[in-house]
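Below are the chains, spelled out letter by letter.
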Amino acid sequence: MSSQENSESLPEAQAPAHGAVEHAGDPFADPGLPAHKPRIQDIDERAAKRSERAVAFLFFLSMVATVGFIASYVIFPVDKIVFIFPFGHVSILNFALGLTLGVALFCIGAGAVHWARTLMSDVEMPAERHEIAAPPEVKAQVLADFKQGAAESGFGRRKLIRNTMFGALAMVPLSGVVLLRDLGTLPEKKLRHTMWSKGKALINMNTNEPLRPEDLLVGSLTFAKPEGLEEDAEDFQTQIAKAALMLVRIKPEDIKDKRELEWSHQGIVAYSKICTHVGCPISLYEQQTHHVLCPCHQSTFDLSDGARVIFGPAGHALPQLRIGVNDEGYLEALGDFDEPVGPAFWERG
Amino acid sequence: MSTTTDARREAPAGERIADWADGRLGIYSLAKANMRKIFPDHWSFMLGEICMYSFIIIILTGVYLTLFFHPSMNEVVYDGSYVPLQGMHMSEAFNSTMHISFDVRGGLLIRQIHHWAALVFLAGMFVHMMRVFFTGAFRKPREVNWLFGFLLFVLGMFTGFTGYSLPDDLLSGTGVRFMEGAILSVPVVGTYLSFFLFGGEFPGGDFVARFYSVHILLLPGIMLGLMVAHLILVFYHKHTQFAGPGRTNKNVVGMPLLPVYMAKAGGFFFLVFGVIAVIAAIASINPIWAIGPYRPDQVSTGAQPDWYMGFSEGLIRVMPGWEINLWGHTLVLGVFIPLIIFPSVLAAIAVYPFIESWVTGDKREHHIADRPRNAPTRTAFGVAWITWYMVLLIGGGNDLWATHFHLSINVITWFVRIAFFVAPVLAFIATKRICLGLQRRDAEKVLHGRESGIIKRLPHGEFIEIHEPLDAGARYKLTAHEQYKPAEIGPEVDENGVARKVSRTQKLRAKLSKGYYGEGNQIPKPTAEEYEEITSGHGHH
């Protein structure tokens, strides 16, 4: 890839041949800048006056709109909703403020552009470009200066200084890295455990009451949370992000997976509601097929077959929670999930 | 002595202030170079201005919003004026966003201007980038500015993401959860990264405050710096222009900054602001009151990120759920691969200028914007990239395509999986053919003139259409572009029969160069001889 090779593949002549000079016989030569064509405003003072009035009108309209903005702010109540065709029911304050502000701004712009286009000179003129790279003598001067500066510093000669300086500069940012340690706690086994444990009742998410097996009918989808998790708890969001549960009742003979049947109670199966893809809550249930679909990325799981993935980007089945019934006839968990819920991670295994 | 004081007294106030400033800031020298600086005119040159102005609008409205927004995840019970949400648990962030929307007069308007301007900003940058790409305006000396612009686009995406996550509503929270899932998929360190980002387990109580400082300080600070650098370079390099009579690589033809571009560009700021204000008045955006506060166990259907994040959404949706479990560890390829392709899609367009300059070996400055047809391979690559991006956007909205057009979501997903690989290739081939066709048309026009639409009957009965020859200006315009010759690597053996060492990169470069400029990959420009021959009499075609 010598420079000679390069220049051979380049087009022959760049700019110089494209100058404004007419080349005798070259039909494609640059004829040079065309003569300026005057606009109507350049030759007819009445047209220019009309433009002037148009610009002034636009600026005046802007002033009116600003007054309108202030008036709207004062007049319209913040909570008034009105029907405006074709926008439907809108906040009148937002509508009025936005329109008046929009008109006030737009008219300034339109006036300025109209002024520039019709009344300011539109004579095009050329300006020369200059090469950006420095001429050789400047480059030589800079290199010489740099060499002198470097030599005066002794940077190249006194290696001990150089090396220790690099060492110090390389190490000092470590302090900043160390300071980031307390950004968060360490993962430990936190992603492996949820609030569920043996004996915790399943609480209906909607009614906040413990669930009985007879509350669940074939074809219904019910969401549950562990007993003791209240909405006003400080860590509610973090706990529910792992513990959210969905329950469906499937006829026991329709359950294809053996372990699923074992972990169910009279065909009631409990699965983590958190998608194993990237953690969206699954919320769409197809009664006939017992498929559930995550509305975020459309991973589809078959709840009658161990919640295995049948479509979409999820990588593994939803974890199942083993459930039973306590002495009082309420559904309860028989332990925590035996695998981490939600998206997969490196330590999941 | 007395004459100088007299002169000072006589000078008008404006001049005296300017003198004062010049003595301290040197403004006269600055103004000498820039006040009458020439800018060329073309509609596509305003795309960058849209970006700059929407960025300014975002900063102005953003500052206003910080006066009312509380970046806190403390749980509160809503008792504001929006009845349907009263009594609900929500974070203070959501609560204060509700306050801005319903109780601060004009707060909703500013919120909506802020969000709309962000969408316009990103869309403007995308289109501006494409303009620069397709006209080859990224070539030397502007490669650095191309990278600055690209960084602005990428940072803009993340500023947007952190911004729309701040209200802590159900939709954006779902997006943050998606981000957490994506981070968890990173091998070895993913779990730790997630815990450090969220201050522990998701969602925790920290991320809104952290996103806030990133959204209002860190990213916009960097972006402001980049934008200033971008503008300084635009001034320094001077603008590109299209070839035309009198417009060469050595000059720039247009009108001066003062007054024409001061008025036009300054006025354009108000036009952009005005249009966005009207949009914010009539079109609701991110109505968090209808979406509700975030709960990790709730979601709505049709969840979509803002448009500029849509292609990453497409990647994550269409990727098969591959997971490898080995030695007690999980490699979450189904999420990690999209996470890697996401920056790669962006990087593909960012590095293109350097690939092209390597292939051409061209070290000269370029100030004439190419017409896209005259760089068929580049144009084809750009269209292929856009096609790729659009295919992923379709994937990101596969549920909406399914519901709006009554299609099967499985079919759309499979379509995107295949189109991800096939569509860019088809787009490349089609675009290149179209470009070559347009080049042929230009050559035809130069040689035979413009079709006048006048049909003439010759004495012997033949009908012909009269072609009007182009004037010198039009001829120049259509032939001003340069054409490279393909790079040669030379024979494998030298004249003495000794094998030359030809490195693999050299071979690759020669091959690429042939693909760019070889026979059939560009249409040779008409030559003066061809022109003479056709115009010298006997031809009337």
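Note that the coordinates shown come from a computational prediction; the quantities given were computed from them, not determined experimentally.

K.L.:
Now, about the overall build of chain B: what can you tell me, with residues and values included?
P.N.:
From N to C terminus, chain B includes 21 helices and ten strands. Principal axes of the C-alpha set define a box for chain B whose edges measure 90 × 90 × 65 Å. A total of 541 residues make up chain B; the buried ones form 44% of that total. For chain B, long-range pairs separated by at least 24 residues make up 73% of all intrachain contacts whose partners lie at least 6 apart in sequence.

K.L.:
An account of the overall build of chain A is requested, with residue identities and associated values reported.
P.N.:
Helix and strand content of chain A: nine helices and 14 strands. Relative to the 2.2 N^0.38 estimate, which gives 20 Å for 349 residues, the radius of gyration of chain A is 38 Å and therefore markedly larger than a compact globule would have. Here the C-alpha coordinates of chain A stretch approximately 105 × 75 × 50 Å along the principal axes. Within chain A, buried positions represent 35% of all 349 residues.

K.L.:
An account of the interface of chain A and chain B is requested, with residue identities and associated values reported.
P.N.:
The interface is formed by 96 residues belonging to chain A together with 109 residues belonging to chain B. Every element with two or more residues in the side of chain A that touches chain B is listed here: α1 (3-9), α4 (92-118), β3 (125-128), α8 (236-243) and β11 (308-311) of chain A. Counting residues per element, the side of chain A that touches chain B draws most heavily on α4(A), at 18 residues. Taken together, the residues that form the side of chain A that touches chain B break down as 55 nonpolar, 25 polar and 16 charged. In terms of strand pairing, β3(A) meets strand β5 (residues 251-256) of chain B through four bridges, oriented antiparallel. Across the sheet, residue Ala127(A) finds its bridge partner in β5(B), namely Val252(B).

K.L.:
How would you summarise the domain arrangement of chain B if you had to cite specific residues and measurements?
P.N.:
Taken domain by domain, chain B comprises domain 1 (1-34) and domain 2 (43-301). In this structure, domain 1 of chain B and domain 2 of chain B have C-alpha centres spaced 41 Å apart.

K.L.:
Any details on the confidence of the model for chain A? Residues and values, ideally.
P.N.:
All names here are of chain A. Per-residue confidence for chain A averages 89 on the pLDDT scale, and 94% of its residues sit at or above 70. Element-level mean pLDDT values for chain A span from 51 in α1 up to 97 in helix α3 (residues 45-75). pLDDT under 50 marks residues 1-6. Its contacts with residues more than four places away, or in other chains, come to six contacts. Confidence over residues 15-22 falls short of pLDDT 50; this stretch has twelve contacts with residues more than four positions distant or in other chains.

K.L.:
Just give me the short version of the nonpolar core, but keep the residues and values in it.
P.N.:
By size, the foremost hydrophobic cluster in this structure holds 99 residues, and its most contacted members are Leu202(A), Leu245(A), Leu247(A) and Leu303(A). With nine residues, the single largest contributor to this core is helix α16 (residues 376-396) of chain B. Met129(B), Phe134(B), Phe153(B) and Phe273(B) belong to the second-largest nonpolar core, a separate cluster that totals 85 residues.

K.L.:
If you had to explain the environment of Lys238(B) to someone new, which residues and values would you point to?
P.N.:
With respect to the helices and strands, the residue Lys238(B) is situated in the loop between α10 (207-237) and β4 (241-242). C-alpha of Lys238(B) to C-alpha of Ile222(B): the two residues are 16 residues apart in sequence and 24 Å apart in space. Look past the residues within four positions of Lys238(B) in its chain and what remains in contact with it is Arg129(A) and Val252(B).

K.L.:
I'd like to hear about the packing of α3(A) against α4(A), residue by residue, with values.
P.N.:
All names here are of chain A. Remark: α3 packs on α4, axes separated minimally by 8 Å, with the N-to-C direction vectors making an angle of 165 degrees. When the axis of α3 is compared with that of α4, the two are roughly antiparallel. For the pair α3 and α4, the crossing hand works out as left-handed. Its residues assigned to classes, the contact of α3 with α4 comprises 18 nonpolar, nine polar and no charged.

K.L.:
Which residues make up the pairing of strand β2 (residues 88-91) of chain A, and what values do they have?
P.N.:
All names here are of chain A. As judged from the four bridges shared by strand β1 (residues 81-84) and β2, these two strands associate in the antiparallel manner. In the strand pairing of β2, Ile 81 is matched with Ser 91. The turn linking β1 back onto β2 is made up of three residues.

K.L.:
How would you sum up the domain arrangement of chain A? Please name residues and give values.
P.N.:
We note that the domain assignment places domain 1 (40-118) and domain 2 (193-333) within chain A. Spacing between the C-alpha centres of domain 1 of chain A and domain 2 of chain A amounts to 57 Å.

K.L.:
Any chance you could break down the environment of Arg371(B) for me, citing the residues and the numbers?
P.N.:
With respect to the helices and strands, the residue Arg371(B) is situated in the loop between β8 (368-369) and α16. Along the chain, Arg371(B) and Gly136(B) lie 235 residues apart, while their C-alpha atoms are 8.4 Å from each other.

K.L.:
I'd like a rundown of the sheet that holds strand β9 (residues 291-293) of chain A, residues and numbers included.
P.N.:
Strand pairing in a sheet relies on backbone hydrogen bonds. The paired strands run either parallel or antiparallel. Residue and element names in this part refer to chain A. On the basis of which strands lie adjacent, the open sheet formed by four strands has the order β8-β9-β10-β11 and antiparallel pairing. In this open sheet, the two strands that pair with only one neighbour each are β8 (284-286) and β11. Neighbour to neighbour, the strand axes of the sheet diverge by 30 degrees on average, direction disregarded. Bridging between β8 and β9 involves three bridges; their strand directions are antiparallel. By the bridge assignment for β9, Tyr 285 is matched with Val 292.

About the cut-offs
Residues numbered from 1 in each chain as written. Chains lettered and ligands numbered in written order. Predicted model: local features only at pLDDT ≥ 70, side-chain atom pairs only at ≥ 80, totals over all residues. Helix = DSSP H or I, 4+ residues; strand = E, 2+ residues; numbered from the N terminus. Buried ≥ 20, exposed ≤ 12 C-beta atoms within 10 Å, placed from the backbone. Contact = placed C-beta atoms within 7 Å. Rg over C-alpha atoms; globule rule 2.2 N^0.38 Å. Nonpolar A, V, L, I, M, F, W, Y, C, P; charged D, E, K, R; others polar. Pairing = 2+ DSSP bridges. Domains from an automatic or database assignment. pLDDT = per-residue confidence, 0-100. Core = buried A, V, L, I, M, F, W, Y, C linked by C-beta atoms within 7 Å. Axes fitted to C-alpha atoms, helices over the stretch in contact; angles between N-to-C directions. Parallel < 35°, antiparallel > 145°, perpendicular 65-115°, else oblique. Left-handed = near helix turned anticlockwise from the far one by under 90°.

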